[in-house]
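# Coordinate analysis (summary)
The chain contents come next:
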Amino acid sequence: MGFSKDNLKGFVLALLSSGFIGASFIIKKKGLRRAAATSGVRAGVGGHSYLLEPLWWLGMATMIVGEVANFVAYAFAPAVLVTPLGALSIIVSAVLAHFVLKEKLHQLAILGCVMCIAGSVIIVIHAPQELPITSVQEIWSMATQTAFLLYVGSVIVLVFILVFYFAPQCGHTNVLVFTGICSLMGSLSVMSVKALGTSLKLTFEGKNQLIYPETWFFMFVVTTCVITQMNYLNKALDTFNTAIVSPIYYVMFTTLTILASVIMFKDWDDQSGGSIISEICGFIVVLSGTILLHATKDFERSSSFRGNYAPLSPSLSARLCSGNGELLKHDEEDEQCSEEDCLRRQELYP
C-alpha cells in the first residue's frame with residue numbers, strides 16, 4: 001500500500017514534534033543551569049529564578065511548538081503511525097545531551113536509539129491509510145459504533161475500579177495503578193484529540209465543523225481526559241522513580257492508544273496480515289528500544305560518580321497535550337536534584 005500525502009504530512013509533523021520536544025528538554029535544562037548559577041538557588045529546592053531566564057522560556061516555546069505539531073499530526077495520519085514515533089524524542093534528547101550537555105551516551109543507549117529508528121521505519125513503511133473524513137458526524141458515527149462503545153465502557157469501568165478500589169489500597173506501592181489510569185484515559189484523549197484535530201482541519205479548509213455539538217463534545221472529552229491523566233501522572237511521578245514510570249507509561253499508553261485507534265478508525269481493516277504483523281513487530285522493536293534507553297539511563301545514574309543524567313522523553317504524547325507539561329516540571333526537579341548532588345560531591349572531592 002502506497003504512502004499517502006496525508007500520511008506523509010502526519011509523518012513529517014510527528015518527526016518535527018519529536019525533534020522540538022526532545023530539544024526542549026536540553027534547552028530548558030541549560031536555562032535551569034544558567035538560572036541556578038546566577039541566583040544560587042536551584043528549581044529542585046524551591047527556586048524560581050528560571051522564570052527570568054530567556055533560555056528556559058525558549059525551551060518552553062520549543063516544547064509548545066512540538067506539542068502543536070503532534071496535535072496536528074493526528075489530524076492527518078492514523079494513531080498507529082503517529083503515536084510510536086513519539087519515542088524518537090528520546091533519541092533527540094539523548095544525542096543532544098551527549099553533545100550539548102556533555103553527558104556520556106552509553107553503548108547500550110546507542111543500541112536503543114538504533115532499535116527505535118529501525119522500528120519506526122518498519123511502522124512508517126507499513127502504516128495504514130485512513131479513509132477520507134468529510135465531517136465531524138462521520139467521526140461521531142465511528143465513536144458510537146458498538147465495538148468502540150464497549151471499549152469506552154470497559155475503560156471507564158477499569159478506571160473507576162483503579163481509582164476507588166486499588167488506588168487507596170496499593171496505589172503507592174504498585175506502579176501499575178497510577179500509570180494504568182493515565183494510560184487508559186490517555187487512549188481516550190488521543191481519540192478525542194484526533195477527532196477534534198480533524199474537525200479543526202476541515203474547518204480551516206472551509207467546512208465549518210464548529211456549528212456541530214459533536215465538535216464541542218470532543219473538546220470536553222479532551223479536557224476531562226487530559227486533566228485526569230495529568231493528575232494521576234503527577235501522583236505516579238511523585239511516588240515512584242521516573243526511570244520506572246516513564247517506560248511503563250509509554251508502553252501501556254501507546255499499546256492502548258493503538259488498540260483504541262484500530263477499533264474506532266478500523267486502521268487494520270484494509271491491510272494484509274503481513275502488513276499488520278510488520279507493524280506489530282516494528283512497534284515491539286520501538287518499545288524494546290525505549291525500555292533499553294531508560295534502563296541505560298537508570299544504570300548510568302546509579303553507577304556514574306558524577307551522576308550524569310539524560311532528560312526523560314515525554315510519554316507521549318501522552319505526548320499530545322496530555323501531561324507533558326507536568327512531566328517536564330518533575331523532570332526539572334529530578335535534574336536539579338541530580339546536579340545538586342553532583343556539585344556537593346565536587347565540593348567534597350575536589
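Residue positions are given per chain, counted from 1 along the sequence in the order it is written. Reporting of local features is limited, given that this is a predicted model, to residues whose pLDDT is at least 70; pairs of side-chain atoms are given and counted only at 80 or more, and all residues count toward the totals for whole chains, interfaces and linings. Only hydrogens and water are set aside when side-chain values are computed; all heavy atoms of the structure are taken into account.

### Overview of the packing of helix α8 (residues 175-204) against helix α9 (residues 213-239)
- Here an axis means a line fitted to C-alpha atoms, over the contact stretch when the element is a helix, while the angle between two N-to-C directions is reported on a 0 to 180 degree scale. Helix and strand assignments follow DSSP, with helices taken as H or I runs no shorter than four residues and strands as E runs no shorter than two, numbered in order from the N terminus. Where α8 meets α9, the closest approach of the two axes is 8 Å, and the angle between their N-to-C directions is 150°. Of the possible angle classes, the one that applies to α8 and α9 is roughly antiparallel. Like other packed secondary-structure pairs, α8 and α9 cross with a definite hand, here left-handed.
- For the contact of α8 with α9, the residue count by class is 16 nonpolar, 9 polar and 1 charged. Each angle gets one of four labels, with under 35 degrees taken as roughly parallel, over 145 as roughly antiparallel, 65 to 115 as roughly perpendicular, and the rest as oblique. Each crossing gets its hand from how the near helix is turned against the far one by less than a right angle, where anticlockwise is left-handed and clockwise is right-handed. Any residue that is not Ala, Val, Leu, Ile, Met, Phe, Trp, Tyr, Cys, Pro, Asp, Glu, Lys or Arg is counted as polar, Gly included; the first ten are nonpolar and the last four charged.

### As for the pattern of salt bridges
- Salt bridge, as applied in this entry: a Lys or Arg side-chain nitrogen positioned within 4 Å of an Asp or Glu carboxyl oxygen. Applying the stated criterion across every chain yields a total of 2 salt bridges.
- Residue D6 is joined to K201 by a salt bridge in which the shortest nitrogen-to-oxygen separation is 3.7 Å. One end of the pair, D6, is in helix α1 (residues 5-39); the other, K201, is in helix α8, and 195 residues separate them in sequence.
- Buried residues are those whose accessible area, probed at 1.4 Å on protein chains only, stays under 20% of the maximum for their type, while exposed residues exceed 50% and partly exposed ones sit between those limits. Of the residues examined, D6 reaches a relative accessible area of 32% and is grouped as partly exposed.
- Close ionic contact of E53 with R34 constitutes a salt bridge, the shortest N to O distance being 3.5 Å. Of this pair, E53 sits in the loop between α1 and α2 (54-76) while R34 sits in helix α1; the two residues are 19 residues apart in sequence, bridging distant segments of the chain.
- Of the residues examined, E53 reaches a relative accessible area of 9% and is grouped as buried.

### Quick notes on the layout of surface pockets
- Method remark: on a 1 Å grid restricted to protein atoms, a set of points is classed as a cavity if a 1.4 Å probe fits but cannot get out and as a pocket if it is open with protein on both sides within 12 Å along at least five of seven lines; lining residues have an atom within 4 Å of a point. Grid points are joined across faces, edges and corners, and a volume is the space filled by probe spheres set on the points. Of the volumes computed, that of the largest pocket is approximately 520 Å³.
- Around the largest pocket, the lining is made up of 24 residues, and of these V152, I156, L188, V221 and C225 lie nearest the centre.
- Elements supplying a minimum of two residues to the lining of the largest pocket: α6 (136-143), α7 (146-170), α8 and α9.
- Its residues assigned to classes, the lining of the largest pocket comprises 20 nonpolar, 4 polar and no charged.

### Digging into the packing of α2 against α8
- Their axes nearest at 8 Å, the elements α2 and α8 cross at an angle of 80°. Between α2 and α8, the interaxial angle falls into the category roughly perpendicular. Side by side, α2 and α8 meet where F71, Y74, A75 and F76 of the first sit next to V190, V193, K194, L196, G197, T198, L200 and K201 of the second.
- Of the residues contributing to the contact of α2 with α8, the split by class is 8 nonpolar, 2 polar and 2 charged. Contacts: residue pairs with any heavy atoms within 4.5 Å of one another.

### Section: the packing of aromatic side chains
- Stacked, edge-to-face and tilted are the three classes for Phe, Tyr and Trp ring pairs, Trp counted by its six-membered ring, which pair at centre distances within 6.5 Å; planes under 30 degrees apart are stacked, over 60 edge-to-face, the rest tilted. Tallying each qualifying case throughout the model produces 9 aromatic pairs.
- Centroid distance F148 to Y151: 6.0 Å. Interplanar angle 25°. Geometry classified as stacked. Highlighted residues: F148 and Y151, both in helix α7, separated by 3 residues, approximately one helical turn. Of the two residues, F148 and Y151, neither departs from the other in class, the shared state being buried.
- On the basis of an interplanar angle of 90° and a centroid distance of 4.9 Å, the ring pair of Y165 and F166 is categorised as edge-to-face.
- What makes Y165 partly exposed here is its relative accessible area of 46%.
- Under the relative-accessibility criterion, F166 is labelled partly exposed at 32%.
- Ring-pair connections join several aromatic residues into one group, and the members of that group are W140, F217 and F218.
- Comment: the charge-over-ring label is applied if NZ (Lys) or CZ (Arg) is within 6 Å of the ring centre and within 35 degrees of the ring normal. A cation over a ring is seen here: K194 above F265, with NZ or CZ 5.4 Å from the ring centre.

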